[in-house]
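Structural description and commentary
Next come the chains, spelled out residue by residue.
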Amino acid sequence: MGLLTIGVFARASRLSPKALRLYDELGLLTPARVDPVTGYRLYAPEQLERARLVAWLRRLGMPLARIQLVCTLDAAEATQEIRSFWARVEADTAARRDLAAFLIDHLSRKDPAMSPATKPLGIRYAALSDTGLVRESNQDTVFAGPRLLAVADGYGSRGAPASAAAVDALKHLEVDSIPAGDLLNVLEDAIEQAQQAVHGIAGTGSSSAEAGTTLTAMLWTGSQLALVHIGDCRVHLLRDGELFQITHDHTMVQTMVDEGRLSPEEAASHPQRSLLIRALGQGADGTPDMRLHDARQGDRYLLCSDGLSTVVPAEEIHRVLSDAGEPERTVRELVALANGSGGPDNVSCVVADVVGLG
């Protein structure tokens, strides 16, 4: 079979002539020959396989730069690259799904006809932070009040004031009246204030690019807990005896796990397991995960820094949380567990129990 005209090749590859001209300009799909007189592009039949691969990858939504990379790889490497890309798409879709659920739930609460009548609930809480046995100073900050629960884990030369500034920026939520239907905007504004506060702290030091903090907080609304989460602190929910992690770590290794490039076991011992991809700090992506959780009487929430979650096995955390002890005793036991395992990092915990009122 001879060379194919761009029209014939476009129909066979399911790419438009306009797309083929663009891919030629980018060097992604160069014609076998260009007629020197007419300028017509001519393609060889054996180019169809690559063209069809490009067409399918574009249907997946893969950016052209990444398609160029895939086309240079052998079959096994290309397969892994496509798998990694799709895992990232699924993770992004999950984040958008959470935001959509937040918006749907948030808007439904504005309609009294859609708001179920429930008996009044409250939270009983305690917080504790400890330097640990290895670090010279504590860069964590915790806060627990009748409405606001927060944990921040600072990093860099001014990590301690950065984490304190982030939490301080949220404390007005403890006392401010939040109009019904305005929760989403209030939380977004609070995160922006925290970001600015951290930038202000970091900007006063000699190593501003190295100063920042994670931030994970929950705001009690009377029947729900609104979550904002940036970084690798975690929130766990103990409900009906089962323990659930309801946050997703914003770390490089977690991204690699999501993409299938690391197993959870490999991630736990990876040398870059603390490398953040989202945080509050200069040059960092401070986009928070946000969602609402309907509370039930008997629920127990744990907010903790990675000084607990990376040191104490999940089954031990589950055991301590399942104990009917008061939050004050529970946070002491969790910190003691972390220090009993060597206390290599600052460790901070907030425990909150959802209880009936009246």
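Just above, that's the structure.
Rules of the game
Residues numbered from 1 in each chain as written. Predicted model: local features only at pLDDT ≥ 70, side-chain atom pairs only at ≥ 80, totals over all residues. Heavy atoms only, no water. Helix = DSSP H or I, 4+ residues; strand = E, 2+ residues; numbered from the N terminus. Rg over C-alpha atoms; globule rule 2.2 N^0.38 Å. Buried < 20%, exposed > 50% of the residue type's maximum accessible area, 1.4 Å probe, protein only. Contact = heavy atoms within 4.5 Å. Patch = residues over 30% accessible without salt bridge, like charges linked within 9 Å, V, L, I, M, F, W, Y side chains within 5 Å. Areas by Shrake-Rupley, 256 points an atom, 1.4 Å probe, with all protein chains shown as cover. Salt bridge = Lys/Arg side-chain N within 4 Å of Asp/Glu carboxyl O. Axes fitted to C-alpha atoms, helices over the stretch in contact; angles between N-to-C directions. Parallel < 35°, antiparallel > 145°, perpendicular 65-115°, else oblique. Left-handed = near helix turned anticlockwise from the far one by under 90°. Nonpolar A, V, L, I, M, F, W, Y, C, P; charged D, E, K, R; others polar.

1. A word on the overall build of the protein chain
Check the secondary structure of the protein chain and you find 12 helices and 15 strands. Relative to the compact-globule value of 21 Å for 358 residues, the protein chain shows a C-alpha radius of gyration of 26 Å, a clear excess of over 25%. Summarising its shape, the C-alpha atoms of the protein chain cover approximately 85 × 55 × 40 Å along the three principal directions. When burial is assessed residue by residue, the protein chain has 45% of its 358 residues classed as buried. Restricting the contact set of the protein chain to residue pairs at least 6 apart, pairs at least 24 apart contribute 65%.

2. Points about a nonpolar patch on the surface
Judged by side-chain polarity, Met252, Leu275 and Ile277 come together as a nonpolar surface patch covering roughly 220 Å² of accessible area. Along the polypeptide, Ile277 turns up in the loop between α9 (264–268) and β12 (280–281). For Ile277, a relative accessible area of 35% gives the class partly exposed.

3. Considerations on unusual backbone geometry
Of note, Arg14 is a non-glycine position whose phi angle comes to about 65°, a positive value. Checked against the element boundaries, Arg14 lands in the loop between α1 (6–13) and α2 (17–26). Unusually for a residue other than glycine, Asp240 sits at a positive phi of about 55°. Relative to the helices and strands, Asp240 is located in the loop between β10 (234–239) and β11 (242–245). Under the relative-accessibility criterion, Asp240 is labelled exposed at 70%.

4. With respect to the environment of Thr330
The residue Thr330 is located in helix α12 (residues 327–340) in this model. The class for Thr330 is buried, based on a relative accessible area of 2%. In sequence terms Thr330 and Gly342 are 12 residues apart; their C-alpha atoms lie 19 Å from each other. What Thr330 contacts, discounting residues up to four positions off in sequence, is Arg300, Val320, Leu321, Gly325 and Val351.

5. Details of the packing of helix α11 (residues 314–322) against α12
The contact between α11 and α12 brings their axes to 9 Å, and the two run at 160°. For the element pair α11 / α12, the angle class is roughly antiparallel. Where α11 crosses over α12, the handedness of that crossing is right-handed. Note on element contacts: α12 touches α11 through Thr330, Glu333, Leu334 and Leu337, opposite Glu316, Ile317, Arg319, Val320 and Leu321. A class-by-class count of the residues in the contact of α11 with α12 yields five nonpolar, one polar and three charged.

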